[in-house]
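Here is how the chains run, residue by residue.
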Amino acid sequence: MIISVNVLMYFLSSIIVLTTRFWGLNTNANVRYIVMAVWALYLLLNYTKSISHRFEKKLINDGFGTMVVPYVIIGTYTIGIWLFSGNVVLGNYTRLCSTLLYLVLSWLYACAGIYFFGKKGIDYLFWAGGCSYTLGSIACLLFTQGGSGLLQYLKGLAMGVDTSANYIMEVHDLTFAMGLFFIYYCFFEDKSEPKHRQKVILSMAYIVLGLKRIEILALVVAVGFYYVLLKWGKKIRFRAYFCVTVFTIISLGFVFIINTNIISKFVSAYGISGAEGRIGYYLYANKFYSFDVTYLGKGWTWFSRYYQGLYNSGFRIDGHGIAASLHSDILTMFIEIGFPLFVFWIFYMFVHRSVKFSRHYSLQVGESTLLTTIFMFILYLTDNTLTYVDTQMLFCMVPMAVAWVNEYKRWDDE
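No experiment lies behind these values; they were computed from the predicted model shown.

## Topic: the packing of helix H4 (residues 90-117) against helix H13 (residues 302-312)
For step 1, the next point in the chain: One can describe the packing of H4 onto H13 by two numbers: an axis separation of 9 Å at closest approach and a directional angle of 110°. Comparing the axis directions of H4 and H13 gives the class roughly perpendicular. In this structure, the crossing between H4 and H13 has a hand that is right-handed. Contacts between H4 and H13 involve Gly91, Asn92 and Arg95 from the first element and Trp302, Ser304, Arg305 and Gln308 from the second.
For step 2, the next point in the chain: Counted by class, the contact of H4 with H13 contains 1 nonpolar, 4 polar and 2 charged residues.

Structure representation (structure tokens):
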């Protein structure tokens, strides 16, 4: 079998891009961004000079456009309110620009995979991610702790007990990305595709080994929504409006119960363990916002930058050191962009993207967009996946891969 240079380079590049931790050591993020930037530049050069690739160009316009537009609006809004704020420094502007730049690079890297390799682009990313996790985490655990270490880790997973292997095996960004791979392979890839079953099984295995319980819940809820809405709602618009209503209520309700301290009382009343750290973070964030329709926010990335500064300074809550981030994109976004724009953001991601993809391509493409959005917003409740490069890359790529499979031949024949 002959492998083209482009395929080999994209595969090797993807291993670098998807590797955030290798043998217990965090990788240099700048190297990953440089690799993505090279492919982004290569994509843009080919995009502008090529007179063919009509379908791929439209797909990238829609895929990249629907991801970047809401954050450009949010960024513009942020600069507007900062111009009238006295609590903003140069570092706030650089943090805003760098956050958007990193997201843009991740989405363009996904677009490059689709533009140059079609539906195989997502396969190259999957196998690269599999190589990264197998060599960087599983092999490391086996080498340092042997088979008994792996068995102890698996036992700890089943019992909910932390072991010394957790840091090696918990590769957060790639693990969350595997959830999106699983959704694609399980629900949208043609079952006659080579190694289809292996990809479904391996993606689930990587999810379980990655030890992110919220991801399991997100998959269960997303799949439940998928099957209920598949039988109940025939039109994508109805499904999208139903989902956006549910998730707007959930998201605002989450922000409300934190603001009113209900969540703390609930945890105390039922003796829920393992949540104390995050509850402390959430309650600390209370003083930075008000739950009111007139609340306009602090500006995108303002609070995340402020909170990371607390972490770097060794700040403690209730005697315990804090994490580098709040562990809730939903709460962080509400604090930063305010009530009206927060609702717009949810509406855009659920309704606009899914309806547009369904109208421009097919119902199945709209379904894939809606299903992945449900999955992502559950993660947003208690994690930081909004700025996770690997996860956002797959969030952008899955609907494009489904569209390529379903629509390429029709466009090619026209």
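## Focus: the side chain of Ser203
For step 1, the next point in the chain: By the element assignment, Ser203 lies in helix H8 (residues 196-209).
For step 2, the next point in the chain: Of the residues examined, Ser203 reaches a relative accessible area of 0% and is grouped as buried.
For step 3, the next point in the chain: Here Val200 takes part through its backbone oxygen, which lies 2.9 Å from a polar atom of the side chain of Ser203.
For step 4, the next point in the chain: Excluding anything up to four places from it in sequence, Ser203 contacts Phe126, Met178, Phe181 and Phe182.

## Thoughts on the confidence of the model for the protein chain
For step 1, the next point in the chain: Confidence in the prediction of the protein chain, expressed as mean pLDDT, is 90, and 94% of residues score 70 or more.
For step 2, the next point in the chain: Looking across the protein chain, the model is least confident in helix H11 (residues 262-270), with a mean pLDDT of 66, and most confident in H4, with 97.

## Considerations on a nonpolar patch on the surface
For step 1, the next point in the chain: Taken together, the side chains of Phe22, Trp23, Leu135 and Phe143 make up a nonpolar region of the molecular surface, amounting to roughly 440 Å² of accessible area.
For step 2, the next point in the chain: Within the element layout of this structure, Phe143 appears in helix H5 (residues 120-159).
For step 3, the next point in the chain: Residue Phe143 is classed as exposed on the basis of its relative accessible area of 65%.

## Quick notes on helix H14 (residues 329-360)
For step 1, the next point in the chain: If you check H14, its first and last C-alpha atoms are just 30 Å apart, much less than what 32 residues at 1.5 Å a residue would give, namely 46 Å.
For step 2, the next point in the chain: Most pronounced at Gly338, the bend in H14 amounts to some 120°, and the proline Pro340 follows within four residues.
For step 3, the next point in the chain: Counting buried positions along H14 yields 24 of 32 residues, so the element is predominantly enclosed.

## Some thoughts on H8
For step 1, the next point in the chain: Taking 1.5 Å of rise per residue, the 14 residues of H8 would be expected to cover 20 Å, and the 20 Å separating its terminal C-alpha atoms lies within 8% of that figure.
For step 2, the next point in the chain: Every buried residue of H8 is accounted for by His196, Lys199, Val200, Ser203, Tyr206, Ile207 and Leu209.
For step 3, the next point in the chain: One or two steps after H8, the chain reaches Leu211, where phi turns positive at roughly 65°.

## Points about the environment of Cys131
For step 1, the next point in the chain: With respect to the helices and strands, Cys131 occurs in helix H5.
For step 2, the next point in the chain: You can call Cys131 partly exposed: its relative accessible area is 28%.
For step 3, the next point in the chain: If sequence neighbours within four positions are ignored, Cys131 has contacts with Phe11, Ile15 and Gly136.

## What about the nonpolar core?
For step 1, the next point in the chain: The biggest cluster of nonpolar side chains holds 142 residues, and the ones touching the most others in it are Leu331, Trp345 and Phe350.
For step 2, the next point in the chain: With 17 residues, H14 is the largest single contributor of residues to this core.

## Thoughts on the pattern of salt bridges
Side chains that differ in sign of charge can pair as their charged atoms come close.
For step 1, the next point in the chain: Within this structure, the stated rule accounts for 8 salt bridges.
For step 2, the next point in the chain: Across the pair Lys212 and Asp383 runs a salt bridge, and its minimum N-O distance is 3.8 Å. Highlighted residues: Lys212 in the loop between H8 and helix H9 (213-232) and Asp383 in the loop between helix H15 (363-382) and helix H16 (389-413), separated in sequence by 171 residues.
For step 3, the next point in the chain: On the basis of relative accessibility, which here comes to 11%, the residue Lys212 falls in the buried class.
For step 4, the next point in the chain: Between Arg239 and Glu367 there is a salt bridge, with the nearest N and O atoms lying 2.6 Å from each other. You can see Arg239 sitting in helix H10 (residues 236-259) and its partner Glu367 sitting in helix H15, a full 128 residues away along the chain.
For step 5, the next point in the chain: Taking the relative accessible area as the measure of exposure, Arg239 reaches 4% and is therefore buried.
For step 6, the next point in the chain: Put simply, Lys58, Asp62 and Lys356 are held in one network by salt bridges that share partners.

Rules used throughout
- Residues numbered from 1 in each chain as written.
- Predicted model: local features only at pLDDT ≥ 70, side-chain atom pairs only at ≥ 80, totals over all residues.
- Heavy atoms only, no water.
- Axes fitted to C-alpha atoms, helices over the stretch in contact; angles between N-to-C directions.
- Helix = DSSP H or I, 4+ residues; strand = E, 2+ residues; numbered from the N terminus.
- Parallel < 35°, antiparallel > 145°, perpendicular 65-115°, else oblique.
- Left-handed = near helix turned anticlockwise from the far one by under 90°.
- Contact = heavy atoms within 4.5 Å.
- Nonpolar A, V, L, I, M, F, W, Y, C, P; charged D, E, K, R; others polar.
- Buried < 20%, exposed > 50% of the residue type's maximum accessible area, 1.4 Å probe, protein only.
- Polar contact = N/O pair within 3.5 Å; in protein donor to acceptor, adjacent residues only side chain to side chain.
- pLDDT = per-residue confidence, 0-100.
- Patch = residues over 30% accessible without salt bridge, like charges linked within 9 Å, V, L, I, M, F, W, Y side chains within 5 Å.
- Areas by Shrake-Rupley, 256 points an atom, 1.4 Å probe, with all protein chains shown as cover.
- Salt bridge = Lys/Arg side-chain N within 4 Å of Asp/Glu carboxyl O.
- Expected span 1.5 Å × (residues − 1).
- Bend = angle between axes of the 7 residues up to and from the residue.
- Core = buried A, V, L, I, M, F, W, Y, C linked by side-chain atoms within 4.5 Å.

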